[in-house]
Amino acid sequence: MEEKEKSDFIRDIINDDLKTNKFQRRVHTRFPPEPNGYLHIGHAKSICLNAGIAKDFQGKFNLRFDDTNPSKEEQEYVDSIIEDVKWLGGNFEDRLFYASDYFEQMYNFAVTLIKKGKAFVCDLNADEMRLTRGTLTEPGKESPYRNRSAEENLDLFARMKNGEYSNGTKTLRAKIDMMSPNINLRDPVMYRIVHDEHHRQGNTWCVYPTYDWAHGIEDSIEKITHSICTLEFENHRPLYDWYLNELEVYHPQQIEFARLNLSFTVLSKRKLLKLVEEKHVTGWDDPRMPTIAGFRRRGYTSASIINFCDMIGVAKRDSTIDVSLLEYSIREDLNKHSQRAMAVLNPLKLVLTNYPEGKTEDCHAVNNPEDEASGTRSVPFSRELFIDQDDFKEVPPPKYYRLSPGMEVRLKYAYIIKCESVVKDDQGNVIEVHCTYDPDTKSGMAGANRKVKATVHWISAAHAKDVEVRLYDRLFVKENPDETEEGKDFLSNLNSGSLQILKNCKVEPMLANAEAGQGFQFERTGYFSVDPKDSANGTPVFNRVVTLKDTWAKIEQKYR
RNA sequence: UGUCGUGUCGUCCAAUGGCAGGACAGCGCCCUUUGGAGGCGUUAAUCUAGGUUCGAAUCCUGGCACGACAGCCA
């Protein structure tokens, strides 16, 4: 397939580096998640960027777990991340790495810096360190422990490693510049003491490297060429460079880009974790979650997410993508590729009074008008049917051209019918619609050419399969969920109608055999996918992925 | 009020000193056995003040606005 060559400021840099032979014409990227949560759509942007660049430049792409903090990290997250990266097409081949595998090397590098007089063991506690760090506008004060001898530092650091000290009592710090206007350079901590079990190292280590110290070394060891990260690390780049320069080792180039923000969505691990822990959703893979696992379960295809990441581009300015672009992307994919089906979500009984009782006939339905090769199927038709409640109005509003007393519509793939009367219950609700059908207007017949304003989907009552359908909507009611009243947090913007469960839906018989994860378009309604967790054999549960674009909803709004 | 970074249609992204263009959203029309899809059209932007230049969104200077940074998180 022909593809337009992608272009962005990062690829421009890489192209320049290729010309100047900066990295011997190599391109090697990485995705370095911390396994402390599930991946979300923002990570998808990073994965697509890094893996995409490697692919486009015939380079390599690593998956590396930045597991330098044992107190927050778990194997469950490691497993989910591997699955998600693969699902998004991130091809790391056999290059699955863990920062924790480099702990020994990092330790030795730290010893090197100590010997160079560029690092020292500091006895200041966290509070004292904060007090001496200075502020954004004032310089910091040097630690009283800053000038310990290399021998003393080496001894102390070894004892830190051996577990002789308790958490927080000592740190190893780089000796840089307490006067630096960049706070990250004010003698930053390289190692802290943590007596905690690591998910892979167990209790081997009592000291753990901080991000800044560890990250450049990880990149250097793996011979990464372009270390792509998000904007908040821009101020850390001088430190990244300082460590690598002092160590005199292979030195990748860090490049920062703007992380993804999505309207009507939160994308911070802290907030997502809160949604899960406080059970505002059913889990990390709740179909309303902006996690990769959530989107997958909802019925988003990986192709649609990859395509979305291409469309949003890469730049350095903060931005918030309109969630409608994501919806566009999944509609585009599912429109082209999903099997059509008829499904009545809110059933209303419809009786064809002049249709023979007991008769059944087949109607030929197109499987996908966008794809001729997908063929047709037959759908049973009979005297008693269900239509959607939305498709009948006793008193039609302006511009409403579906069924109402005296009006005609076409039953898709079947006959033109006319509404003759209604049956009501004690409260005056319409519980049945009585219609006559025109026998000369079945699809395919000459008489079928007559123009009617609307076409309506239906299910034969006798053949209907009952299923559960879950209607999902955006999780938040506000474009920016963090915009709240004084004293409230983002949870106050949760959409109470984000999940509506419909238990009495009527669908075509063939949908009983739908497979987990399979996506359908329910005609005139939206795209739906078989929930992989809650469906049983023969009784699928359908998740609404996204509605169809609804022009009628807009007209209705206008006339209200 | 320190350092670093960023300011282009409603929203994203382009234009790399030479006609400000694309996508989504919106609006209008056409088409349609999905009020879907599709087609056509359309609205709409260079933060600001100077400067350099034949010519500036782009280069320079000064404002202004926004973002990130004062974890032993990443």
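Residues numbered from 1 in each chain as written. Chains lettered and ligands numbered in written order. Predicted model: local features only at pLDDT ≥ 70, side-chain atom pairs only at ≥ 80, totals over all residues. Heavy atoms only, no water.

Enquirer: Explain the sheet that holds strand S25 (residues 541–547) here, please?
Expert: The pairing of strands in a sheet happens through backbone hydrogen bonds and is either parallel or antiparallel. Pairing within the open sheet is mixed, and its seven strands lie in the order S10-S23-S24-S25-S21-S22-S11. Every interior strand has two partners, whereas the edge strands, strand S10 (339–341) and strand S11 (343–344), have only one. Relative to strand S23 (residues 519–522), S10 runs parallel, the two sharing three bridges. When the sheet's bridge partners are listed, Gln339 is paired in S23 with Phe520. Here helix H12 (residues 323–337) sits on the sheet and contacts S10, S23, strand S24 (526–530) and S25; the angle it forms with S25, its principal contact strand, is near 120°. (Pairing = 2+ DSSP bridges. Helix = DSSP H or I, 4+ residues; strand = E, 2+ residues; numbered from the N terminus. Contact = heavy atoms within 4.5 Å. Axes fitted to C-alpha atoms, helices over the stretch in contact; angles between N-to-C directions.)

Enquirer: How should I be thinking about the environment of Phe257 in this particular structure?
Expert: By the element assignment, Phe257 lies in strand S9 (residues 253–257). Remark: the alpha-carbon pair of Phe257 and Asp371, spanning 114 residues in sequence, is separated by 39 Å. Those residues within four positions of Phe257 in sequence are excluded, and the remaining contacts are Phe9, Ile10, Lys45, Ser46, Leu49, Ile228, Cys229, Thr230, Leu231, Val314 and Ala315.

Enquirer: For this particular structure, what's the right way to read the packing of helix H7 (residues 211–221) against helix H8 (residues 237–247)?
Expert: For any two helices packed against each other, the geometry is given by the interaxial angle and the distance between the axes. Packing of H7 against H8 leaves a shortest axis separation of 9 Å and a crossing angle of 60°. As far as their axial angle goes, H8 and H7 are oblique. Here H7 and H8 pass one another in a crossing that is right-handed. On H8, the residues that touch Asp212, Trp213, His215, Gly216, Ile217, Asp219 and Ser220 of H7 are Leu239, Tyr240, Tyr243, Leu244 and Leu247. Here the contact of H7 with H8 is composed, by residue class, of seven nonpolar, three polar and two charged. (Parallel < 35°, antiparallel > 145°, perpendicular 65-115°, else oblique. Left-handed = near helix turned anticlockwise from the far one by under 90°. Nonpolar A, V, L, I, M, F, W, Y, C, P; charged D, E, K, R; others polar.)

Enquirer: I keep staring at the pattern of salt bridges and nothing clicks. Help me out?
Expert: Side chains bearing opposite charge may pair, as long as their charged atoms lie close to each other. Under the definition given, this model contains 51 salt bridges. Note that Asp489 is salt-bridged to Lys274, the shortest N-O span being 3.1 Å. Highlighted residues: Asp489 in the loop between strand S21 (465–472) and strand S22 (499–507) and Lys274 in helix H9 (residues 269–277), separated in sequence by 215 residues. Owing to a relative accessible area of 31%, Asp489 belongs among the partly exposed residues under this scheme. Several salt bridges converge on common partners, so that one network encompasses Asp285, Arg297, Glu468, Arg470, Lys503, Asp531, Lys533 and Asp534. (Salt bridge = Lys/Arg side-chain N within 4 Å of Asp/Glu carboxyl O. Buried < 20%, exposed > 50% of the residue type's maximum accessible area, 1.4 Å probe, protein only.)

Enquirer: Would you mind showing me how to read the pairing of S23 here?
Expert: Across four bridges, S23 lies against S24 in antiparallel orientation. Bridged to Phe520 within S24 is Phe528. Here S23 folds back onto S24, and the loop between the two strands holds three residues, one of which, Arg524, carries a positive phi near 70°.

Enquirer: Would you explain the packing of aromatic side chains in this entry?
Expert: A ring pair, where both rings are aromatic, is described by two values, the distance of the centres and the angle of the planes. Inspection of every chain in the model, using the stated rule, returns 24 aromatic pairs. Note on Phe295 and Tyr300: the rings are 4.8 Å apart at their centroids and 65° apart in plane angle, and the pair reads as edge-to-face. Given a relative accessible area of 8%, Phe295 falls into the buried group. Under the relative-accessibility criterion, Tyr300 is labelled buried at 6%. Residues Phe522 and Phe528 carry aromatic rings whose centres are separated by 4.3 Å and whose planes lie at 15° to one another, so their mutual orientation is stacked. For the pair Phe522 and Phe528, a shared accessibility class is recorded, and that class is buried. What links up through ring pairs into an aromatic cluster is the set Phe103, Tyr107, Phe157, Tyr191, Trp205 and Tyr208. Over the ring of Tyr165 we find Lys170, and its NZ or CZ is 4.3 Å from the ring centre. (Phe/Tyr/Trp six-rings, centres within 6.5 Å; stacked < 30°, edge-to-face > 60°. Lys NZ or Arg CZ within 6 Å of the ring centre and 35° of its normal.)

Enquirer: Could you clarify how one ought to interpret the protein's contact with RNA strand B in this entry?
Expert: With respect to spatial proximity, 69 residues lie near RNA strand B, and among them Asp12, Arg340, Ser443, Gln521 and Thr551 are the closest. A share of 62% is what sugar and phosphate atoms reach among the atoms of RNA strand B within 4 Å of the protein. Between RNA strand B and Lys412 there is a distance of 3.4 Å, counted from a sugar or linking oxygen to a side-chain nitrogen or oxygen. Contacts to RNA strand B include Lys451, whose side-chain N or O atom sits 3.5 Å from a phosphate oxygen. If one sorts the elements of the surface near RNA strand B by residue count, helix H13 (residues 551–558) sits on top with five residues. Partitioning the surface near RNA strand B into residue classes produces 24 nonpolar, 20 polar and 25 charged. (Near = heavy atom within 4 Å. Polar contact = N/O pair within 3.5 Å; in protein donor to acceptor, adjacent residues only side chain to side chain.)

Enquirer: Looking at this model, I keep getting lost on helix H4 (residues 103–115). Mind explaining?
Expert: Because the α-helix completes a turn every 3.6 residues, residues three or four places apart line up on one side. For H4, which comprises 13 residues, the first-to-last C-alpha distance of 18 Å matches the rise-based estimate of 18 Å (1.5 Å per residue) to within 8%. Residues of H4 that are buried: Phe103, Met106, Tyr107, Ala110, Val111, Leu113 and Ile114. Buried residues along H4 cover an arc of 160° about the axis, so they all sit on one side. (Expected span 1.5 Å × (residues − 1). Arc of directions from axis to C-beta.)

Enquirer: How do you make sense of the domain arrangement of chain A when you look at a structure like this?
Expert: One widely used convention gives an interface's size as the accessible area the parts lose upon coming together. Segmentation of chain A into domains returns domain 1 (9–259), domain 2 (269–301 + 308–339 + 468–559) and domain 3 (343–457). A C-alpha centroid distance of 64 Å is found between domain 1 and domain 3. (Domains from an automatic or database assignment.)

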